[in-house]
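Chain residues, written in single-letter form:
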Amino acid sequence: MDIKILPLPPEKMKPKYSDESKLGFGKLFTDRMLIADWNPTQGWHDARIQPYQPFIMDPACTVLHYAQEIFEGLKAYKWKDESVVLFRPDMNLKRLNRSAERLCMPQVPEELFIKGIEELVRLEKDWIPTSPGTALYVRPTMIAVDPFLGVHPSESYCFYVILSPVGAYYTSGFQPVKIMVEDKYVRAAQGGTGEAKTGANYASSLKAGLDANNKGYEQVLWLDGAEKRYIEEVGSMNMFFVYGDTIVTPALDGSILHGITRDSVIALAKKLGYAVEEKKIDVNILIDDIKSGKTTEAFGSGTAAVISPVDILGYKEEALTIGNGRVGKVTQKLYDALTGIQSGAVSDQFGWITKL
Ligand code: COI
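Residues numbered from 1 in each chain as written. Predicted model: local features only at pLDDT ≥ 70, side-chain atom pairs only at ≥ 80, totals over all residues. Heavy atoms only, no water.

Undergrad: What's the story with the site of the ligand in this structure? I'm lost.
TA: Inspection of the region around the ligand gives Phe25, Arg139, Tyr169, Lys197, Tyr202, Ser236, Gly302, Thr303 and Ala304 as its neighbouring residues. The backbone of Ala304 places a nitrogen or oxygen atom 2.9 Å from an oxygen atom of the ligand. Contact with the protein chains removes 90% of the 280 Å² of surface that the ligand exposes when unbound. Residue composition of the shell around the ligand, by class: 4 nonpolar, 3 polar and 2 charged. (Near = heavy atom within 4 Å. Polar contact = N/O pair within 3.5 Å; in protein donor to acceptor, adjacent residues only side chain to side chain. Areas by Shrake-Rupley, 256 points an atom, 1.4 Å probe, with all protein chains shown as cover. Nonpolar A, V, L, I, M, F, W, Y, C, P; charged D, E, K, R; others polar.)

See the structure below:
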């Protein structure tokens, strides 16, 4: 697929950040974006890299009313030797296309997704921060753009990619966070859209997140939609519990997102000699295990925060400390191993790095 590169006039260039330690997450966007359109007669067409700019949209667009939207998140890094790399973009393409299938949207071909992101990141490489914990966050998105109010899959779509130089997802950085078991709201149910990376899943999580914040917790620990008994995800991340040399994570049961960081953590943990169990985790058993000290560590995993240690679990007015309440040694080891591969400090034995 031919991707046109449109000129970037000097007046469209933004001032760059001056302090990488103040980047935060997703607040700043680079000068250019990738965009392509789809309709049933032309398929994907007019792929172009253009200056970053607002959309002009019909107020009746399907995405604005019925949330027919999917997205992805991946990171680009600039190594010490100046090489620019992407972390597992092939996995994002696969997941995007699975989400597309669930949301009745067209498949995105590799030559648009991978080649488009590679070209865009190459052009914007001066925006990639290099201090530890920073990266260029890549946000591919597809939206339904038919101006039509009937509840029906759209017949036209727009795929676009924007880039954001980012620091830590949580303001506290790689520090333990407090999470609260959510026993009122659910994130997803069997047969719903929990496995898809679609905006509506995140919209429906906001209320529980706010309630947790108001009680002094950073994130919610989601339980299954049917029985509110089995652990699903934490906030917008996958969840892991450590029992000595065994690492346990909820099995992908149809309502849990197939996290790429989750997959990477499992592979790394096995390589480091830990046993990994993917299974149903009953919250009542977990609470007993935390109280008895069997659960030694806990952490969430996601592209944005990479690995986020958890020190306190709130459950029915009780605040339980996991392990010794500090970043555990397994969590630290996995964080170092994963960020080592991403930053080029450790050699990649998995074929996860794509050099541009
Ligand atoms: C991630 O952990 O990468 C997420 O999915 C969070 C993102 C929606 C900001």
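Undergrad: What exactly am I supposed to notice about the packing of helix α2 (residues 89–102) against helix α3 (residues 110–123) here?
TA: Between α2 and α3, the least distance of the axes is 10 Å, while the angle of their chain directions is 140°. It follows that α2 is oblique to α3 by the angle criterion. At the point where α2 passes α3, the crossing takes the right-handed sense. Taken together, the residues of α3 that come into contact with α2 (itself represented by Pro89, Asp90, Asn92, Leu93 and Leu96) are Glu110, Phe113 and Ile114. (Axes fitted to C-alpha atoms, helices over the stretch in contact; angles between N-to-C directions. Helix = DSSP H or I, 4+ residues; strand = E, 2+ residues; numbered from the N terminus. Parallel < 35°, antiparallel > 145°, perpendicular 65-115°, else oblique. Left-handed = near helix turned anticlockwise from the far one by under 90°. Contact = heavy atoms within 4.5 Å.)

Undergrad: Before we go on, may I ask you to explain empty space enclosed by the protein in this structure?
TA: Using a probe with the size of a water molecule, rolled over the atoms, empty space left in the structure can be pinpointed. With the rule as written, the count across this model stands at 3 cavities of 30 Å³ or more. Considered as a void within the structure, the largest cavity measures approximately 80 Å³ in volume. If you go around the largest cavity, the residues you meet are Gly73, Leu74, Lys75, Tyr77, Phe87, Asn92, Ile260, Thr261, Gly302, Thr303, Val306 and Gln342. Put simply, the parts of the chain that give the lining of the largest cavity at least two residues each are β5 (74–78) and α6 (260–271). It is β5 that provides the largest number of residues to the lining of the largest cavity, a total of 3 residues. Of the residues belonging to the lining of the largest cavity, the class tally is 5 nonpolar, 6 polar and 1 charged. Its boundaries defined by the atoms lining it, the second largest cavity holds a volume of some 50 Å³. Along its surface, the second largest cavity is lined by Arg187, Asn201, Tyr202, Ser205, Glu233, Gly235, Ser236 and Leu257. When its residues are assigned to classes, the lining of the second largest cavity shows 2 nonpolar, 4 polar and 2 charged. (1 Å grid on protein atoms, 1.4 Å probe; cavity = no way out; pocket = protein on both sides within 12 Å on 5 of 7 lines; lining within 4 Å. Points joined across faces, edges and corners; volume = space filled by probe spheres on them.)

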